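Given next are the chains, with one letter for each unit.
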Amino acid sequence: DHDDHDDHDDHDDHDDHDHGQVGDVDPHAWIDPQIAIAWVDDIETALSQADPDNSDTYAANAAATIASLNALDDEIAAQLADLSQRTLVVPHDAYHYFGVRYDLPASGSISFSDATTPGPDRIAALQDLIRENDITCVLSDPQSRSEWVDLVREGTDANTALADPLGTAYAQGPDHYAATLRGLANAYAACLAD
């Protein structure tokens, strides 16, 4: 269920990106390709209504984009299918939609939704959570401090990998979205590997 976002109340700005949450809207929905498909459909409808003379072009472009997104979704689902019993901690709350889509929800996040610095009690609680629940992965990302990940992993056997829900490492252009999601999938796969 893509509307399940219990952990996303009162979302404020992150360190390097500004997309505040309004009400029940989770601003990180773009990392679920099925939601992107719904957006493509809505955009195609709006464009066709605004410019009916080109509606055939909008419909064809939307159909091609949706087919590409479905293929990407299938590719990522296959890549992550065998990892669904594994658990992870994320650097902040930007991963909910991706985790739910691929049956890899986070057991916790280092930073709360307001992106505040985790204190010693928070770090200790996460270390206990990792040990007590055999959590195998603590993701890092460019939007969060790597020191927090190092502290949370200290004294545990958890792996780490760099994820990037904003795709900052990829060139802007028509392949950016797919590259970003593939990069996320690769980070999950690497971090959750035995």
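Look a little higher up for the structure.
Reading guide: rules and limits
Residues numbered from 1 in each chain as written. Predicted model: local features only at pLDDT ≥ 70, side-chain atom pairs only at ≥ 80, totals over all residues. Heavy atoms only, no water. Core = buried A, V, L, I, M, F, W, Y, C linked by side-chain atoms within 4.5 Å. Buried < 20%, exposed > 50% of the residue type's maximum accessible area, 1.4 Å probe, protein only. Helix = DSSP H or I, 4+ residues; strand = E, 2+ residues; numbered from the N terminus. Contact = heavy atoms within 4.5 Å. Axes fitted to C-alpha atoms, helices over the stretch in contact; angles between N-to-C directions. Parallel < 35°, antiparallel > 145°, perpendicular 65-115°, else oblique. Nonpolar A, V, L, I, M, F, W, Y, C, P; charged D, E, K, R; others polar. Disulfide = S-S within 2.5 Å. Phe/Tyr/Trp six-rings, centres within 6.5 Å; stacked < 30°, edge-to-face > 60°.

Colleague: Tell me about the nonpolar core, and name the residues and values.
Modeller: Formed by 27 residues in total, the largest nonpolar core has its most connected members in Ile76, Leu80, Tyr95, Phe98, Leu139 and Tyr188. Contributing elements (two or more residues each) for this core: α2 (55–80), β1 (88–90), α3 (96–101) and α6 (176–192). Not counting the four nearest positions on each side in its chain, Leu80 is found in contact with Phe98, Tyr102, Leu104, Ala185, Tyr188 and Ala189. Of all hydrophobic cores here, the second largest spans eleven residues; its members include Val89, Ile123, Val138 and Val152.

Colleague: Describe the environment of Ile130, listing the residues and the values that go with them.
Modeller: Relative to the helices and strands, Ile130 resides in helix α4 (residues 120–132). Each C-alpha atom of the pair Ile130 and Ala158 lies 7.4 Å from the other, and the pair is 28 residues apart in sequence. Filtering out sequence-adjacent residues up to four positions away, Ile130 remains in contact with Val89, Ile135, Val138, Val152, Thr156 and Ala158.

Colleague: How would you explain the packing of α2 against α6 if you had to name every residue and give the values?
Modeller: Between two packed helices, both the angle of their axes relative to each other and the distance between the axes serve to describe the pair. One way to put it is that α2 packs onto α6 with a least axis distance of 10 Å and a crossing angle of 10°. Put simply, α2 runs roughly parallel to α6. Contacts from Leu69, Leu72, Glu75, Ile76, Gln79 and Leu80 in α2 reach Tyr177, Ala178, Leu181, Arg182, Ala185, Asn186, Tyr188 and Ala189 in α6. The residue makeup of the contact of α2 with α6, split by class, is ten nonpolar, two polar and two charged.

Colleague: Describe the state of the cysteines, listing the residues and the values that go with them.
Modeller: Chemically, a disulfide is nothing more than a covalent bond linking the sulfur atoms of two cysteines. Summed over the entire model, instances satisfying the criterion amount to one disulfide. The disulfide that involves Cys137 links it to Cys191, with 2.0 Å between the sulfurs. Between Cys137 and Cys191 the sulfur-sulfur dihedral comes to about 105°; the bridge is accordingly right-handed. Residue Cys137 is found in strand β3 (residues 137–138), and its partner Cys191 is found in helix α6; the two are separated by 54 residues along the sequence. Taken as a pair, Cys137 and Cys191 share a single burial class, namely buried.

Colleague: I'd like a description of the packing of aromatic side chains, backed by residues and values.
Modeller: This structure, assessed with the given rule, holds two aromatic pairs. A centroid spacing of 4.9 Å and a plane angle of 55° characterise the contact between Phe98 and Tyr188, whose relative ring orientation is tilted. Here Phe98 is found in helix α3, whereas its partner Tyr188 is found in helix α6, with 90 residues between them in sequence. Taken together, the ring pairs connect Phe98, Tyr102 and Tyr188 into an aromatic cluster.

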